[in-house]
Amino acid sequence: MGRLFLVNLEGKSYSCKHCKTNLGLCDDVVSKSFQSRHGKAYLFSKVVNVYAGKKEDRMMMTGMHTVVDIYCVKCGSYVGWKYEFAFEKNQKYKEGKSVLERYKVWGPDGNNYWVAQEVEAGDSDTDDA
């Protein structure tokens, strides 16, 4: 395995809850109104220190999307997904953006979001944007 180069973020950021690697800046949060199968999720315009899994089409609450799951580059933990393509015209703003699931990341103030109750199985991407 080669040498791992990580991007260090300046300012308030979200990080992997397992290894504390920086993932995204607070300034890059587009929406805090998303939902995942495990609870709250935030839409980011840009994330760092992640790698993508295999592309797949998923039916979400807002329609069909082509997405890739994203993982922490340091520890390999699942942290969310990235929108590659939106089939619905009114969902095109999500393309190229990433969603971090709050239960998988530490917040900018060092807190972790704990899942209080299990959300029904199935992907979700509800938002108010």
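An unreviewed UniProt entry annotates the protein chain as Protein yippee-like originating from Arabidopsis suecica. Taken verbatim from the UniProt record of the protein chain, the Sequence similarities (unreviewed entry) comment is "Belongs to the yippee family."

**Here we look at the pairing of strand 4 (residues 39-44)**
With five of six residues buried, strand 4 is to be regarded as a mostly interior element. Pairing of strand 3 (residues 29-36) with strand 4 involves five bridges; the strand directions are antiparallel. When the sheet's bridge partners are listed, S36 is paired in strand 4 with G39. Where strand 4 and strand 9 (residues 98-101) come together, four bridges link them in antiparallel fashion. Bridge pairing links A41 to E101 in strand 9.

**Digging into the packing of aromatic side chains**
Aromatic ring pairs are reported here in terms of the distance separating the ring centres and the angle at which the planes meet. By the definition in use, this model includes six aromatic pairs. Here the aromatic rings of Y51 and Y71 are separated by 5.3 Å at their centres, their planes lie at 25°, and the arrangement is stacked. Of the two residues, Y51 sits in strand 5 (residues 50-52) while Y71 sits in strand 7 (residues 63-72), which places them 20 residues apart along the sequence. Measuring from centroid to centroid gives 4.9 Å for F85 and F87, while their planes differ by 90°, and the two rings are edge-to-face. Given the relative accessible area of 35%, F85 is considered partly exposed.

**Notes on the pattern of salt bridges**
Inspection of the entire model under this criterion finds three salt bridges. For E56, the salt bridge identified is with R58, shortest N-O distance 3.0 Å. We note a salt bridge from K92 to E95, for which the minimum N-O separation is 3.2 Å. For K92, a relative accessible area of 32% gives the class partly exposed. E95 gets classed as partly exposed once you look at its relative accessible area, which sits at 29%. Linked through salt bridges whose partners overlap, the residues forming this network are E56, R58 and D69.

So, how was this worked out
Residues numbered from 1 in each chain as written. Predicted model: local features only at pLDDT ≥ 70, side-chain atom pairs only at ≥ 80, totals over all residues. Heavy atoms only, no water. UniProt positions renumbered as here; feature names shortened; annotations may be inferred. Buried < 20%, exposed > 50% of the residue type's maximum accessible area, 1.4 Å probe, protein only. Helix = DSSP H or I, 4+ residues; strand = E, 2+ residues; numbered from the N terminus. Pairing = 2+ DSSP bridges. Phe/Tyr/Trp six-rings, centres within 6.5 Å; stacked < 30°, edge-to-face > 60°. Salt bridge = Lys/Arg side-chain N within 4 Å of Asp/Glu carboxyl O.

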